Amino acid sequence: QVQLVESGGGLVQPGHSLQLSCVASGFTLDGYVVGWFRQAPGKEREGISAISSGSSITVYADPVKGRFTISRDYVKNMVYLQMNNLQLEYTGVYFCEHAKMASVSRPQAMDFMTNRRASYWGQGTQVTVSP
């Protein structure tokens, strides 16, 4: 079952930017917290950012603070990740994932970003940063 589809990845040079998109299929993301996760080569999947529903509380992993921006468009039923000043270490497959959490607090969003282990992950979108 595929509920979220990621897109927007590609090959970029260091210092360049990409915007990733995540669209929900068959349901609305209203009431869901949504996060972005990255699996770098040879590493476990890790949380990058998350955004709540309604209040739009955003959280970020320390290395990407001030560099990445997560946002959502309720009309388009999409979530985005703007990635600026990309570096080699950000190469990997990026996934979006969601959880039904209404009125999520900042600690809850952080917990979702840090500890989310979904039973199903989509195909993700490949981001390759290379000179």
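The structure we're discussing is the one just above.
Residues numbered from 1 in each chain as written. Predicted model: local features only at pLDDT ≥ 70, side-chain atom pairs only at ≥ 80, totals over all residues. Heavy atoms only, no water.

1. Quick look at the sheet that holds strand β2 (residues 10–12)
Here's step 1: Read across the open sheet, the 6 strands follow the order β2-β10-β9-β4-β5-β6; overall the sheet is mixed. Here the strands that pair on one side only, and so sit at the sheet edges, are β2 and β6 (58–60). Adjacent strand axes in the sheet meet at a mean angle of 25° when their direction is disregarded.
Here's step 2: Where β2 meets strand β10 (residues 125–129), 3 bridges bridge the pair, whose relative direction is parallel. Note on β10: the bridge partner recorded for leucine 11 is threonine 128.
Here's step 3: Contacts from helix α1 (residues 106–115) reach β4 (32–39), β5 (46–51), β6 and β9 (92–100), with the element oriented near 45° to β6. (Pairing = 2+ DSSP bridges. Helix = DSSP H or I, 4+ residues; strand = E, 2+ residues; numbered from the N terminus. Axes fitted to C-alpha atoms, helices over the stretch in contact; angles between N-to-C directions. Contact = heavy atoms within 4.5 Å.)

2. As for the pattern of salt bridges
Here's step 1: All chains considered together, the criterion is met by 3 salt bridges.
Here's step 2: Glutamate 46 is paired through a salt bridge with arginine 38; the nearest N and O atoms lie 2.6 Å apart.
Here's step 3: Take glutamate 46: its relative accessible area is 35%, and that puts it in the partly exposed class.
Here's step 4: Residue class for arginine 38 comes out buried when judged on its relative accessible area of 8%.
Here's step 5: Arginine 116 is the partner of glutamate 97 in a salt bridge, and the nearest nitrogen-oxygen pair spans 3.1 Å. Linking glutamate 97 in strand β9 with arginine 116 in the loop between α1 and β10, this pair joins segments that are 19 residues apart in sequence.
Here's step 6: Residue arginine 116 is classed as partly exposed on the basis of its relative accessible area of 25%. (Salt bridge = Lys/Arg side-chain N within 4 Å of Asp/Glu carboxyl O. Buried < 20%, exposed > 50% of the residue type's maximum accessible area, 1.4 Å probe, protein only.)

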